[in-house]
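Now for the letters of each chain:
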Amino acid sequence: MSRSPNRNRFNDLLGIVVMQLHDDGCIMQMKIRPEFHNSIEGVVHGGVTNTLADAAMGHAAAPPVDGVQQCVTVESKINYLSPAAGELLVAEAKVLKRGGKLIVTEARITCDGKLVAFASGTYARVRPNWRE
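Residues numbered from 1 in each chain as written. Predicted model: local features only at pLDDT ≥ 70, side-chain atom pairs only at ≥ 80, totals over all residues. Heavy atoms only, no water.

An unreviewed UniProt entry annotates the protein chain as PaaI family thioesterase of Paenibacillus apiarius. Listed in UniProt under the heading Sequence similarities (unreviewed entry), the comment for the protein chain reads: "Belongs to the thioesterase PaaI family." (UniProt positions renumbered as here; feature names shortened; annotations may be inferred.)

Written out as structure tokens, the structure reads:
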């Protein structure tokens, strides 16, 4: 599987795809697979929904450079509004405020066009060579 500059191995594993990326937002999607369901047949596990929201908000906060993420999650919150049951999850994230190092974001997550969750998060910029 090839990787584009806007994806990472974890996103590849889940099938998360960047559909749109711009200065203040990001749209990502993932096709729902049976292994993403919780114990209720056909309903996506909340962790999958949250992962997609986090990925989209992180990309919106600080898009990857040469495939390397430029921020990490400081905190995030998600409200589940309806069960996600369908074929396609989409997260549309946007930046609410950019500070010196911290960026505040929000995301709306839909399943087959129906709003199923709302998330917010704070992200901190990091240097790609932070281990040095």
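Novice: Is there a simple way to think about the overall build of the protein chain in this case?
Specialist: The helix and strand inventory of the protein chain stands at two helices and six strands. Each helix and strand of the protein chain, ordered N terminal to C terminal, gives the series α-β-β-α-β-β-β-β. Relative to the globule expectation of 14 Å for 132 residues, the C-alpha radius of gyration of the protein chain, 14 Å, shows essentially globular dimensions. The C-alpha extent of the protein chain, read off along each of the three principal axes, is 45 × 35 × 25 Å. Of all 132 residues assigned to the protein chain, the portion counted as buried reaches 39%. Put simply, of all contacts in the protein chain between residues at least 6 apart along the chain, 59% involve residues at least 24 apart. Of the accessible surface of the protein chain, which amounts to about 7600 Å², a share of 53% is contributed by carbon and sulfur atoms. Considering the protein chain, the positive charge centre built from 15 side chains and the negative charge centre built from 13 side chains are found 5 Å apart. (Helix = DSSP H or I, 4+ residues; strand = E, 2+ residues; numbered from the N terminus. Rg over C-alpha atoms; globule rule 2.2 N^0.38 Å. Buried < 20%, exposed > 50% of the residue type's maximum accessible area, 1.4 Å probe, protein only. Contact = heavy atoms within 4.5 Å. Areas by Shrake-Rupley, 256 points an atom, 1.4 Å probe, with all protein chains shown as cover. Lys, Arg positive; Asp, Glu negative; His and termini not counted. Charge placed at Lys NZ, Arg CZ, Asp CG, Glu CD.)

Novice: Would you take a moment to explain the nonpolar core for this structure?
Specialist: One recurring pattern in soluble globular proteins: nonpolar side chains tend to sit buried together. Among the nonpolar cores identified, the biggest contains 33 residues, and Met28, Met30, Leu89 and Ile109 are the most heavily contacted of them. Mapped onto this core, the elements with two or more residues apiece are β2 (25-31), α2 (46-61), β3 (71-80), β4 (88-98), β5 (102-111) and β6 (114-125). Residue contributions to this core peak at eight residues, all from α2. Discounting residues that sit within four places of it in the chain, isoleucine 109 has contacts with Thr49, Ala53, Ile78, Leu89, Val90, Ala91, Lys114, Leu115, Val116, Ala117, Phe118 and Ala119. (Core = buried A, V, L, I, M, F, W, Y, C linked by side-chain atoms within 4.5 Å.)

Novice: I would appreciate a short explanation of the layout of surface pockets in the present structure.
Specialist: The probe, sized like a water molecule, is rolled over the atoms to show the empty space still left. Quantified by volume, the second largest pocket comes out at close to 180 Å³. Going through the elements one at a time, β1 (17-22), β2, β4 and β5 are the ones with two or more residues in the lining of the second largest pocket. Tallied by class, the residues present in the lining of the second largest pocket amount to five nonpolar, four polar and four charged. (1 Å grid on protein atoms, 1.4 Å probe; cavity = no way out; pocket = protein on both sides within 12 Å on 5 of 7 lines; lining within 4 Å. Points joined across faces, edges and corners; volume = space filled by probe spheres on them. Nonpolar A, V, L, I, M, F, W, Y, C, P; charged D, E, K, R; others polar.)

Novice: Looking at this structure, how should I read unusual backbone geometry?
Specialist: Of note, aspartate 112 is a non-glycine position whose phi angle comes to about 50°, a positive value. Within the fold, aspartate 112 resides in the loop between β5 and β6. Assessed through its relative accessible area of 46%, aspartate 112 is described here as partly exposed.

Novice: Whenever I open this one, the side chain of asparagine 11 confuses me. Can you help?
Specialist: Relative to the elements of secondary structure, asparagine 11 occurs in helix α1 (residues 9-14). Those residues in contact with asparagine 11 that sit more than four places away from it in its chain are Ile16, Met28, Ala55 and His59.

Novice: Any chance you could explain the confidence of the model for the protein chain here in plain terms?
Specialist: Keep in mind that low pLDDT regions are not for reading the predicted coordinates in detail. Per-residue confidence for the protein chain gives a mean pLDDT of 91; residues scoring 70 or more make up 91%. Across the protein chain, β5 holds the top mean pLDDT of 98, while α1 sits lowest at 91. Note on residues 1-6: pLDDT is under 50 here. Beyond four places in sequence and across chains, it has twelve contacts. (pLDDT = per-residue confidence, 0-100.)

Novice: Would you explain the sheet that holds β2 in this entry?
Specialist: Two pairing modes exist for strands in a sheet, parallel and antiparallel, and in both the strands are linked by backbone hydrogen bonds. The strand order across the open sheet formed by six strands is β1-β2-β4-β5-β6-β3, and the pairing between neighbours is antiparallel. Sheet topology places β1 and β3 at the edges, where each strand pairs with a single neighbour. When the angles between neighbouring strand axes are averaged without regard to direction, this sheet yields 20°. Pairing geometry for β1 and β2, over five bridges, is antiparallel. (Pairing = 2+ DSSP bridges. Axes fitted to C-alpha atoms, helices over the stretch in contact; angles between N-to-C directions.)

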